[in-house]
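Below are the chains, spelled out letter by letter.
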Amino acid sequence: MDRTLAADLARLPELLDATRRAAGDALAALDARPVVPPPGKPAADGGPELLPEHGDGTEAALAAFRERWELRLSASAGPRYLGFVTGGATPAALAGDWLTAAHDQNSNSALDGAGQDLERETVGWLRSLFHLSPEHSGTFVSGATMSNTTGLAIAREWLGERLGVSPAEDGAAALGPVRVLSGAPHSSIAKALAVLGLGRSSLVKVPTLPGREAVDPAALDRALAAAPGPAVVVANAGTVNTVDFDDLQAVAALKRRHDFWLHTDAAFGAFAALSPDHAHLTAGLDASDSLCVDLHKWLNVPYDSAVQFTRRPDLQARVFQNSAAYLGPLADHPDLVHLTPENSRRLRALAAWFTLRAYGRQGHREIVERDIACARALGELLCADPAFTLPAPVRLNVVCFTLAADPTPARLTALREAVAAEVFVTPTVHEGTAALRAAFSNWRTTQADVHRVAQALRTAAREIA
């Protein structure tokens, strides 16, 4: 064994304790750190370090990381990182993630230990959390993009089943032209269609309701009738700009007259099911043939973690089966290796298992409802300031806002950069107008953070003006 490696093994408990202290220091400093630090260079000469020929061990690597990199990382685990839709990691999720690395499981194969069983138990808890029926089976994937890609891959095989071919065997070209209809699809849908060989041009935008990002069910009905035959419909349970929800029950009802696969992108909107005041938004979610839910958003587990559900695990296995003797048989209940694009992945389910086991339905409901209240509070504070306007109402946990006067991309970039130390928000465009969006999904965020964010935005807006 390498001498330095052997020395680290002999001191492993001490090194893990030093790492724990470093992690504790970083988390304790979240409130005082810049949310997005100013740009900097990793070394005084502006260049990266060269790979050492002979390393000097974990302790020296930890010191070098803290000196050169730690303060250049964003405070994305903290309460005012409102860009994208990013949760942090609850204490239990952090513990689970650390143990995930410590146990380093191959959870894809029944030839190994109980990792698959733990994942299936966690999927069952999530199914209950979102009020899905037992007909939905689920597997863990890396994020919403991979969840949407997996769901649409199953939909592609369903199209083949309807047409008497198998794209998994014969290729996507065997399907001929394909239509994927959606009102306001997330960008990952087009990306998935490109990856799956269906093509971005197969995505058909359907008119939305006036002033909304929710699909117009009547327009969807007409679009389906315009070209009879099997199709795919992508419904939205929480759009990224304004968290608008399609009427899932109305969309599902169209299946009585039209032949289509219903995939629902509920990356973070599914968590509305936890709140009695907002659960109506997810009514009809169970009617989905496939479903995307992202967990490193509102479940507050570390990157990367999501789940995909489907009612057709048989088609899923037809797409992703991996025939190799060392992987074990496909069987009636396929191992997880036969259900997603990944042969190798960590036991992502453990962090989710930990946080669900630690805080239960009520604990995660409280996080969801507190974040919704924070979003509404920020919306009200910005509405009360003449410097800002909201192009869409605050429907759940995202505040879409812009400058009331001259909302150019350049001025909004200046505003976003001016507040970067206090809050991270991301740019968007809503109905042709440049805007910013603040997404609340972190378990740490409180009303005190909301007022701090509002004050920073107001001050920066006046400086820009």
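Above: the structure in question.
Residues numbered from 1 in each chain as written. Predicted model: local features only at pLDDT ≥ 70, side-chain atom pairs only at ≥ 80, totals over all residues. Heavy atoms only, no water.

Colleague: Any details on the pattern of salt bridges? Residues and values, ideally.
Modeller: Counting across every chain of the model gives 29 salt bridges. One salt bridge in this structure joins Glu59 and Arg11, with 3.6 Å as the shortest N-O distance. Of this pair, Glu59 sits in helix 3 (residues 57-68) while Arg11 is found in the loop between helix 1 (3-10) and helix 2 (12-28), placing the two residues 48 residues apart along the sequence. Residue classification places Glu59 among the partly exposed positions, given a relative accessible area of 48%. For Asp244, the salt bridge is made with Arg395, and the minimal N-O distance between the two is 3.7 Å. Remark: Arg395 occurs in the loop between strand 8 (388-389) and strand 9 (398-403) and Asp244 occurs in the loop between strand 4 (231-236) and helix 10 (248-253); sequence separation between them is 151 residues. Among the ionic contacts, a cluster of salt bridges with common partners joins Asp31, Arg80, Glu422, Asp449 and Arg452. (Salt bridge = Lys/Arg side-chain N within 4 Å of Asp/Glu carboxyl O. Helix = DSSP H or I, 4+ residues; strand = E, 2+ residues; numbered from the N terminus. Buried < 20%, exposed > 50% of the residue type's maximum accessible area, 1.4 Å probe, protein only.)

Colleague: Mind laying out the packing of aromatic side chains, listing which residues take part and the relevant values?
Modeller: Taken as a whole, this structure holds eight aromatic pairs when the rule is applied. Between Phe388 and Phe401 the ring centres are 6.0 Å apart and the planes differ by 70 degrees, which places this aromatic pair in the edge-to-face class. Remark: Phe401 occurs in strand 9 and Phe388 occurs in strand 8; sequence separation between them is 13 residues. Taken together, the ring pairs connect Tyr81, Phe84 and Phe424 into an aromatic cluster. Lying across the ring of Phe260, Lys255 places its NZ or CZ 5.8 Å from the centre. (Phe/Tyr/Trp six-rings, centres within 6.5 Å; stacked < 30°, edge-to-face > 60°. Lys NZ or Arg CZ within 6 Å of the ring centre and 35° of its normal.)

Colleague: Any details on the environment of Asn300? Residues and values, ideally.
Modeller: Among the structural elements, Asn300 can be located in the loop between helix 11 (295-298) and strand 7 (306-310). For Asn300 and Gly164, which are 136 residues apart along the polypeptide, the C-alpha to C-alpha distance reads 42 Å. Setting aside its immediate chain neighbours within four residues, Asn300 contacts Gly87, Gly88, Ala89, Thr90, Ala93, Leu295, Ile367, Ser441, Asn442 and Trp443. Here Ser441 takes part through its backbone oxygen, which lies 2.7 Å from a polar atom of the side chain of Asn300. (Contact = heavy atoms within 4.5 Å. Polar contact = N/O pair within 3.5 Å; in protein donor to acceptor, adjacent residues only side chain to side chain.)

Colleague: Run through the packing of helix 4 (residues 91-103) against helix 13 (residues 349-383), naming residues and quoting values.
Modeller: Two quantities define a packed helix pair, namely the angle between the axes and the distance from one axis to the other. It is the contact of helix 4 with helix 13, at a shortest axis distance of 7 Å, that shows an interaxial angle of 145 degrees. Crossing hand, helix 4 versus helix 13: right-handed. Along the contact surface, helix 4 presents Pro91, Ala92, Ala93, Ala95, Gly96, Asp97, Leu99 and Thr100, while helix 13 presents Leu350, Ala351, Phe354, Thr355, Ala358 and Tyr359. Counted by class, the contact of helix 4 with helix 13 contains ten nonpolar, three polar and one charged residues. (Axes fitted to C-alpha atoms, helices over the stretch in contact; angles between N-to-C directions. Left-handed = near helix turned anticlockwise from the far one by under 90°. Nonpolar A, V, L, I, M, F, W, Y, C, P; charged D, E, K, R; others polar.)

Colleague: Could you give me a rundown of the environment of Ala168, with the residues and numbers involved?
Modeller: Tracing the sequence through the fold places Ala168 in helix 7 (residues 167-170). Not counting residues within four places of it along the chain, the set of residues in contact with Ala168 comprises Glu157, Arg318 and Val319.

Colleague: Lay out the sheet that holds strand 5 (residues 260-265) with the relevant residues and their values.
Modeller: Reading across from one edge, 1-7-6-5-4-2-3 is the order of the seven strands in this open sheet, with mixed pairing throughout. Only two strands of the sheet have a single partner each, and these edge strands are strand 1 (137-141) and strand 3 (203-205). For this sheet, the mean angle separating the axes of adjacent strands, direction not counted, is 20 degrees. Where helix 6 (residues 144-163) meets the sheet, its contacts fall on strand 1, strand 4, strand 5, strand 6 (290-294) and strand 7, and the angle it forms with strand 5 comes to roughly 175 degrees. Sheet contacts for helix 8 (residues 187-195): strand 2 (180-182), strand 3, strand 4 and strand 5; angle to strand 3, the most-contacted strand, approximately 150 degrees. (Pairing = 2+ DSSP bridges.)

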